[in-house]
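Residues per chain are reported as follows:
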Amino acid sequence: MSSTSALQAADPDIHELVLKEARRQDECIRLIPSENYVSPAVLEATGSVLSNKYSEGYPGRRYYEGQEFIDRIETLAIDRAKALFGAAHANVQPYSGSPANQAVYLALLEAGDTVMGLGLPFGGHITHGLNVNFSGRIYRSVGYEVDRDTHRIDLDEVEDIARRERPKLIFCGGTAYPRIWDFAGFAEIASAVGAVLVADIAHISGLVVAGAHPHPFPHAGIVTTTTHKTLRGPRGGMILSDGTYAKELDRAVFPGLQGGPHDHTTAAIAVALREAATEEFRAYAHQIVANARALAQALDGHGFRLISGGTDNHLILMDVTKRGINGKPAAQALNRAGIECNYNTVPFDPRKPFDPSGVRIGTPAVTSRGMREAEMPSIAAWIDRVVANADDETEIARVRAEVTEFCRAFPAPGIRV
Ligand code: DSN
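What you are looking at is a predicted structure, and each value in this text was computed from that prediction instead of being measured.

1. As for the overall build of the protein
Reasoning step 1: For the protein, the helix and strand inventory stands at 16 helices and 15 strands.
Reasoning step 2: In summary, the protein has a C-alpha radius of gyration of 21 Å against a globular reference of 22 Å for 417 residues, a match within 12%.
Reasoning step 3: Counting only C-alpha atoms, the protein reaches 60 × 60 × 40 Å along its principal axes.
Reasoning step 4: Relative to its full complement of 417 residues, the protein shows a buried share of 56%.
Reasoning step 5: Approximately 17700 Å² of the protein is accessible, and the part contributed by carbon and sulfur atoms is 50%.

Here it is, written out as structure tokens:
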């Protein structure tokens, strides 16, 4: 009996919903830039018997018996992570990106210490100091912004703030910044004020290992990432470092924050890291960027206002208000048409985060399906049609039918419908 039929027998409700989600992912153009399709091998490791095991501690130093294979799996994941990222130290246990960042705070700071990060409204992440997040509640958080005209980070402004506020830790990296991160520039500033530089490369880690985005090492001492975005692994997180704070970081993850690592995830991370070390993955990551550029160009041709004027990476942020619609209804109409994205604030957004001006899209998932530059004008044209006809359900249904047909030519990895 296959595991799917076992699920069907034991829980037809969940089985049916999983099937429906698989079909949705298959028939949809998925443009949320933090999402992807993992390989069948990553899926298999994620759904394995490793889910049955507890392994508090680290390889060779566990609090439970029966670790002979788990130790080898975690050691493989660590060694592959170190090799792929050129890191002296890797911790593959964080449950995701936020816990990875939490561990960095716990390892390096005391409550009340000052941290600096890109403000969430400008493309940062909630764990980089947002006032309602632990990072803004426990620590003294000082945000930097992007330039009002160029929408790019102004390192002179970052330096001014850093010299004035003297942070102990500076985060670079974010969730809605479509441009290259100048890790070397940040490192100079961090060094001038005696701060530790942390590069949160969650969105771009797949691009970084493939050379499609500059590398944070040796500029940042600590690098955090999720494993499921451009890296195409399972839902998880990693901390990579130059080794200076290896002990503190490991202790912060366990026992500081977490109990047993998710061994099935660790195995799937190891698989994804092996996949990411291939020439095929390198080409894939460069194709993500080429696709994003082509999509941005086509959207620009339809008159969309792109934040910063375009993209250097996998994501595009656009202000749709000039098209007479707000971000949320635009994203909802696109979803009804089978084009999945998320509404997002844009820099200096006069609107609230739950009903902002922008829409955020990206190309990791469509690139995993084998779409290339030639397909991007069609996607842009459908986005344009939906945004122009967001109240016209007949037109939206027409687009949805075209999208479903289009998707059939690009099989989604890991999905059998
Ligand atoms: N939720 C992620 C994203 O969509 O960018 C960030 O953690």
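2. Examining the sheet that holds strand β10 (residues 237-241)
Reasoning step 1: Read across the sheet, 7 strands follow the order β4-β10-β9-β8-β7-β5-β6 without closing on themselves; strand pairing throughout is mixed. A single partner strand is all that each edge strand has here, and the edge strands are β4 (89-91) and β6 (140-144). Pairs of neighbouring strands in the sheet enclose a mean axial angle of 20°, with direction left out of account.
Reasoning step 2: Inspection of the sheet shows strand β7 (residues 169-172) paired to strand β8 (residues 196-200) by 4 bridges, in the parallel sense. Following the sheet pairing, Phe 171 is matched in β8 by Val 198.
Reasoning step 3: Strands in contact with helix α5 (residues 97-108) are β5 (114-118), β7, β8, β9 (222-226) and β10; relative to β9, the strand with the most contacts, it is inclined by about 155°.

3. Topic: the site of the ligand
Reasoning step 1: For the ligand, the full set of nearby residues is Ser 34, His 125, Thr 175, His 203, Lys 229 and Arg 360.
Reasoning step 2: Contact distances for the ligand include 2.6 Å between an oxygen atom and a side-chain N or O atom of Ser 34.
Reasoning step 3: Interatomic distance of 2.7 Å between a side-chain N/O atom of Arg 360 and an oxygen atom of the ligand.
Reasoning step 4: Starting from 230 Å² of accessible surface for the ligand in isolation, the protein chains cover 64%.
Reasoning step 5: When its residues are assigned to classes, the shell around the ligand shows no nonpolar, 4 polar and 2 charged.

4. A few points about the packing of α5 against helix α10 (residues 246-257)
Helix-helix packing is characterised by the crossing angle of the two axes and by the distance between the axes.
Reasoning step 1: For the pair α5 and α10, the least separation of the axes is 8 Å and the interaxial angle reads 110°. Our classification of the angle between α5 and α10 gives roughly perpendicular. Judged by the sense of rotation from one axis to the other, the crossing of α5 with α10 is right-handed. For the pair α5 and α10, contact is made by Pro 99, Gln 102, Ala 103, Val 104, Leu 106, Ala 107 and Leu 108 and by Glu 248, Leu 249, Ala 252, Val 253, Gly 256 and Leu 257, respectively.

5. What about the packing of helix α4 (residues 68-85) against helix α11 (residues 263-276)?
Reasoning step 1: The interhelical angle for the contact between α4 and α11, taken along N-to-C directions, is 35°, at an axis separation of 9 Å. Crossing geometry of α4 relative to α11 is assigned as left-handed. In this structure, α4 uses Ile 70, Ile 73, Glu 74, Ala 77, Arg 80, Ala 81, Leu 84 and Phe 85 to contact α11, whose residues at the interface are Asp 263, Thr 266, Ala 267, Ala 270, Val 271, Leu 273, Arg 274 and Ala 276.
Reasoning step 2: A class-by-class count of the residues in the contact of α4 with α11 yields 11 nonpolar, 1 polar and 4 charged.

6. A look at the side chain of Asn 36
Reasoning step 1: Checked against the element boundaries, Asn 36 lands in the loop between β1 (29-30) and α3 (40-46).
Reasoning step 2: Engagement of the side chain of Asn 36 in a polar contact is seen with the side chain of Tyr 284, the distance being 2.9 Å.

7. Digging into the environment of Gly 259
Reasoning step 1: Secondary-structure assignment places Gly 259 in the loop between α10 and α11.
Reasoning step 2: Placed 88 residues apart in sequence, Gly 259 and Phe 171 show a C-alpha to C-alpha distance of 26 Å.
Reasoning step 3: Dropping the residues within four chain positions of it, Gly 259 is found in contact with Glu 56, Tyr 95 and Phe 254.

8. With respect to the nonpolar core
Reasoning step 1: Ranked by size, the top nonpolar core spans 53 residues in total, and within it Phe 85, Tyr 144, Ile 153, Ile 170, Trp 181 and Phe 186 carry the most contacts.
Reasoning step 2: No other element matches the 6 residues that helix α8 (residues 183-193) contributes to this core.
Reasoning step 3: The contact partners of Phe 85, leaving out residues within four places of it in the chain, are Ile 201, Ser 205, Val 209, His 215, Phe 217, Leu 231, Met 238, Leu 240 and Leu 273.
Reasoning step 4: One finds Ala 331, Ala 333, Ile 339 and Cys 341 within the second-largest nonpolar core, a separate group that totals 38 residues.

9. As for helix α15 (residues 376-388)
Reasoning step 1: For α15, with 13 residues, the first-to-last C-alpha span of 18 Å sits near the 18 Å given by 1.5 Å per residue.
Reasoning step 2: Listed as buried for α15 are Met 376, Ile 379, Ala 380, Trp 382, Ile 383, Asp 384, Val 386 and Val 387.

Cut-offs applied
- Residues numbered from 1 in each chain as written.
- Predicted model: local features only at pLDDT ≥ 70, side-chain atom pairs only at ≥ 80, totals over all residues.
- Heavy atoms only, no water.
- Helix = DSSP H or I, 4+ residues; strand = E, 2+ residues; numbered from the N terminus.
- Rg over C-alpha atoms; globule rule 2.2 N^0.38 Å.
- Buried < 20%, exposed > 50% of the residue type's maximum accessible area, 1.4 Å probe, protein only.
- Areas by Shrake-Rupley, 256 points an atom, 1.4 Å probe, with all protein chains shown as cover.
- Pairing = 2+ DSSP bridges.
- Axes fitted to C-alpha atoms, helices over the stretch in contact; angles between N-to-C directions.
- Contact = heavy atoms within 4.5 Å.
- Near = heavy atom within 4 Å.
- Polar contact = N/O pair within 3.5 Å; in protein donor to acceptor, adjacent residues only side chain to side chain.
- Nonpolar A, V, L, I, M, F, W, Y, C, P; charged D, E, K, R; others polar.
- Parallel < 35°, antiparallel > 145°, perpendicular 65-115°, else oblique.
- Left-handed = near helix turned anticlockwise from the far one by under 90°.
- Core = buried A, V, L, I, M, F, W, Y, C linked by side-chain atoms within 4.5 Å.
- Expected span 1.5 Å × (residues − 1).

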